[in-house]
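Each chain, written out:
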Amino acid sequence: MLAARTRDVAGAEDALSEAFAAALADWPASGVPRAPEAWLLTVARRKLIDAARRRRTSDDAVDVIELLAEAQPEAEIPDERLRLMFACAHPAIDEGVRAPLILQVVLGFDAAAIASAFLVAPATMGQRLVRAKSRIRQAGIPFSVPGRDELAERLDAVLEAIYAIFAEGWSDPAGTQVQTRGLAEEAIWLGRLVASLMPQEPEVLGLLALMLHAEARRVARRDAAGEFVPLGEQDPQRWDGALIAEAETLLLAASRMNAPGRFQLEAAVQSAHAARRSTGRTDWMAIVALYDALIAVTGSIVVAINRAVALAELEGPAAGMALLDTLQSDRRLAEYQPYWAARAELLARLESSGAAREAYTRAIGLEADPAVRRFLQRRLAALG
Amino acid sequence: MQYLLLIYTNENAMLNAPKEAATQMISAYQAYTEAMTKAGVRVGSNRLRPTSDATTVRAPNGKASVLNGPFAETKEQLAGYYLLEAPDLDVALSWAKRCPGATYGSIEVRPVWA
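Residues numbered from 1 in each chain as written. Chains lettered and ligands numbered in written order. Predicted model: local features only at pLDDT ≥ 70, side-chain atom pairs only at ≥ 80, totals over all residues.

**Things to note about the overall build of chain A**
Helix and strand counts for chain A stand at 20 helices and zero strands. At a minimum sequence separation of 6, the contacts of chain A that also span at least 24 residues come to 59%. (Helix = DSSP H or I, 4+ residues; strand = E, 2+ residues; numbered from the N terminus. Contact = placed C-beta atoms within 7 Å.)

Right under this line is the structure:
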């Protein structure tokens, strides 16, 4: 948020961490300030002014004047964070580093924790973050919410980065890995922040609805013994009704804006699954139709796999298999577990046990989560 | 680039694991090896016999000494390895994460000096 003032992310972070240190030193004696965030920002701004004075470049002088003018505590802290997010997810920033950058700059995660979450060597992640931050500074990437003409595209990048953070947290449902624990919650927090500031953007509401629907099922994804439970076998009563209701409200508000997009469609798929809680059944026809629309929007192979699985529920495993077969030539699938798991499941239903066995083996070998691995091993054993 | 994935696990815990868990582990490793082969990244791999079968040789100044057991006593022991061909470290790490041994021990990823 400070960086929005000075366009110097590294400097802003240093000042902020000094402010935190000052806070820790001061609070026990003086009591917790009434508005700790605003207070911290004020302290940090003072530190930054000191640092800028020390550098004494003409550029910084302008910043210092601005900073001095704004050194009063103010209420628009979230706005600063939004501008910061747009800078982090700027097209000039390498796509793979946008989500890590947001984690570090907006949420204050350290490079080592981010490295573990995104499965990258800590030194590499450190370098990528430093490079991205110096790029923001040197290329003059603005800390601002873009204008109407480019908002849609730029907002997509911000939403995708938030979703990438959510996905990292989602891949560890049991919360066993310290480094990814809470990432889903952090992403939802960011989603709520953006939704509160841009309530007129349907995709913003769509992303939040999507994350809330997924989060509502977190607990139900594991049984009492910690074993994996697939969506179709989950007890809907274990889903979080309050989160589902919130997601539905958001999705309804988004749909009234008549501008469907990727996140709204994905949230709508989840909404169709959530309906099982009240209706007792899943409307596969609606889900297939939603995936049709999603394929038209994204062209993603991941969506294509999901569509094949949904179609198998609607028209039988042979129809699903026929669709999966059309994807075969994509070489990336050799390392993509969900493709093999889907194949294995449909082949098993088609009683083609030899081919199913082979596909299960590939899926097991590509799976990193031990609970899911055990689940697939049980399925494989059940083939007889 | 080639990377060596060194699998370190608590050998005693592994040797004393219940039969069902051991069978599950072995089949998980077979599936992992298979997936790696089919993806075209596996150059080689092996499982090692326990450290009780290890012999360590040193020959300072040409004077050999031969000892029973591993080079060093550690909590986790080298249990096996995979040698893989990967475009970069990120890909090598994605395979290390999938290694069944990563659940119970640790996987050291080392680039081969080429």
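Next comes the rest of the account.
**Focus on the overall build of chain B**
Scanning chain B from N- to C-terminus turns up three helices and six strands. Starting at the N terminus and walking to the C terminus, you meet the elements of chain B as β-α-α-β-β-β-β-α-β. Within chain B, the proportion of its 114 residues that are buried is 25%. (Buried ≥ 20, exposed ≤ 12 C-beta atoms within 10 Å, placed from the backbone.)

**Notes on the interface of chain B and chain A**
Between chain B and chain A, the contact holds 17 residues from the first and 17 residues from the second. Of all the secondary-structure elements, those providing two or more residues to the side of chain B that touches chain A are α2 (19–38) and α3 (89–98) of chain B. Tallying contributions element by element places α2 of chain B first for the side of chain B that touches chain A, with nine residues. Its residues placed into classes, the side of chain B that touches chain A shows eight nonpolar, four polar and five charged. (Nonpolar A, V, L, I, M, F, W, Y, C, P; charged D, E, K, R; others polar.)

**Description of the nonpolar core**
Of all hydrophobic cores here, the largest spans 120 residues; its most connected members are Cys 88, Ile 102, Ile 162, Ile 165 and Ala 209 of chain A. With ten residues, helix α11 (residues 202–216) of chain A is the single largest residue contributor to this core. (Core = buried A, V, L, I, M, F, W, Y, C linked by C-beta atoms within 7 Å.)

**Here's the deal with the environment of Lys 19 of chain B**
Here Lys 19 of chain B lies in helix α2. Residues Lys 19 of chain B and Ala 72 of chain B, spaced 53 residues apart in sequence, show a C-alpha to C-alpha distance of 29 Å.

**A look at helix α17 (residues 317–325) of chain A**
All names here are of chain A. Taken together, the buried positions of α17 are Pro 317, Gly 320, Met 321, Leu 323 and Leu 324. The buried side chains of α17 occupy one side of the element, clustering within an arc of 160 degrees when seen end-on. With respect to the buried face of α17, the exposed residues turned more than 90 degrees away are Ala 318 and Asp 325. (Arc of directions from axis to C-beta.)

**Some thoughts on unusual backbone geometry**
At Glu 351 of chain A, a residue that is not glycine, the phi angle is positive and equals roughly 55 degrees. Relative to the assigned elements, Glu 351 of chain A resides in the loop between α18 (337–349) and α19 (353–366). Backbone geometry at Asn 61 of chain B places phi at a positive 55 degrees, although glycine is not the residue there. Within the secondary structure, Asn 61 of chain B sits in the loop between β3 (55–58) and β4 (65–68). What makes Asn 61 of chain B exposed here is the crowd of 5 C-beta atoms within 10 Å.

**Some thoughts on the sheet that holds strand β6 (residues 106–111) of chain B**
Residue and element names in this part refer to chain B. Strands sit in the order β2-β5-β1-β6 across an open sheet of four strands; the sheet is antiparallel. Here the strands that pair on one side only, and so sit at the sheet edges, are β2 (42–47) and β6. Each strand axis lies, on average, 20 degrees off the axis of its neighbour in the sheet, ignoring direction. Alignment of strand β1 (residues 2–9) against β6, held across six bridges, turns out to be antiparallel. For Leu 4, the partnering residue across the bridge sits in β6 and is Arg 110. Most of the contacts of α2 go to β2, to which it runs at about 165 degrees, and overall it touches β2 and β5 (77–85). (Pairing = 2+ DSSP bridges. Axes fitted to C-alpha atoms, helices over the stretch in contact; angles between N-to-C directions.)

**Considerations on the pairing of β3 of chain B**
Residue and element names in this part refer to chain B. Where β3 meets β4, four bridges bridge the pair, whose relative direction is antiparallel. Paired with Thr 56 across the strands is Leu 67, a residue of β4. Between β3 and the antiparallel strand that follows it, β4, lie six residues; Asn 61 among them carries a positive phi value of about 55 degrees.

**Here's the deal with the packing of helix α13 (residues 262–274) of chain A against helix α15 (residues 284–298) of chain A**
Residues and elements named next belong to chain A. At a closest axis distance of 9 Å, the pairing of α13 and α15 adopts a crossing angle of 165 degrees. Between α13 and α15, the interaxial angle falls into the category roughly antiparallel. Once α13 is placed against α15, the crossing between them reads as left-handed. Across the interface between the two elements, Arg 262, Leu 265, Glu 266, Ala 268, Val 269 and Ala 272 of α13 pack against Ala 286, Ile 287, Leu 290, Tyr 291, Ala 293, Leu 294, Val 297 and Thr 298 of α15. Here the residues of the contact of α13 with α15 sort into eleven nonpolar, one polar and two charged. (Parallel < 35°, antiparallel > 145°, perpendicular 65-115°, else oblique. Left-handed = near helix turned anticlockwise from the far one by under 90°.)

**Things to note about α19 of chain A**
Because each turn of an α-helix spans 3.6 residues, side chains separated by three or four positions in sequence point in the same direction. In this model, α19 of chain A (14 residues) spans 20 Å end to end at C-alpha, consistent with the 20 Å of a helix rising 1.5 Å per residue. Every buried residue belonging to α19 of chain A is among Ala 356, Ala 359, Tyr 360, Thr 361, Arg 362, Ala 363, Ile 364, Gly 365 and Leu 366 of chain A, and all of these are buried. For α19 of chain A, the secondary structure elements touched by its buried residues are α18 and α20 (370–382) of chain A together with α2 and α3 of chain B. (Expected span 1.5 Å × (residues − 1).)

**As for the pairing of β5 of chain B**
With eight bridges joining them, β1 of chain B and β5 of chain B adopt antiparallel strand pairing. Along β5 of chain B, the bridge assignment pairs Tyr 3 of chain B with Leu 84 of chain B.

**Topic: the packing of α11 of chain A against α13 of chain A**
Residues and elements named next belong to chain A. Running from N to C, α11 and α13 cross one another at 35 degrees; their axes reach a closest spacing of 8 Å. In this structure, the crossing between α11 and α13 has a hand that is left-handed. Along its contact with α11, which presents Pro 202, Glu 203, Gly 206, Leu 207, Ala 209, Leu 210, His 213 and Ala 214, the element α13 presents Phe 263, Gln 264, Glu 266, Ala 267, Gln 270, Ser 271 and Ala 274. Taken together, the residues of the contact of α11 with α13 break down into eight nonpolar, five polar and two charged.

**Quick look at the environment of Leu 205 of chain A**
All names here are of chain A. By secondary structure assignment, the location of Leu 205 is in helix α11. The spacing of Leu 205 and Thr 249 is 44 residues in sequence and 9.4 Å in space, taken between C-alpha atoms. Beyond its immediate sequence surroundings of up to four residues, Leu 205 is in contact with Ala 195, Leu 250, Ala 253 and Ala 254.

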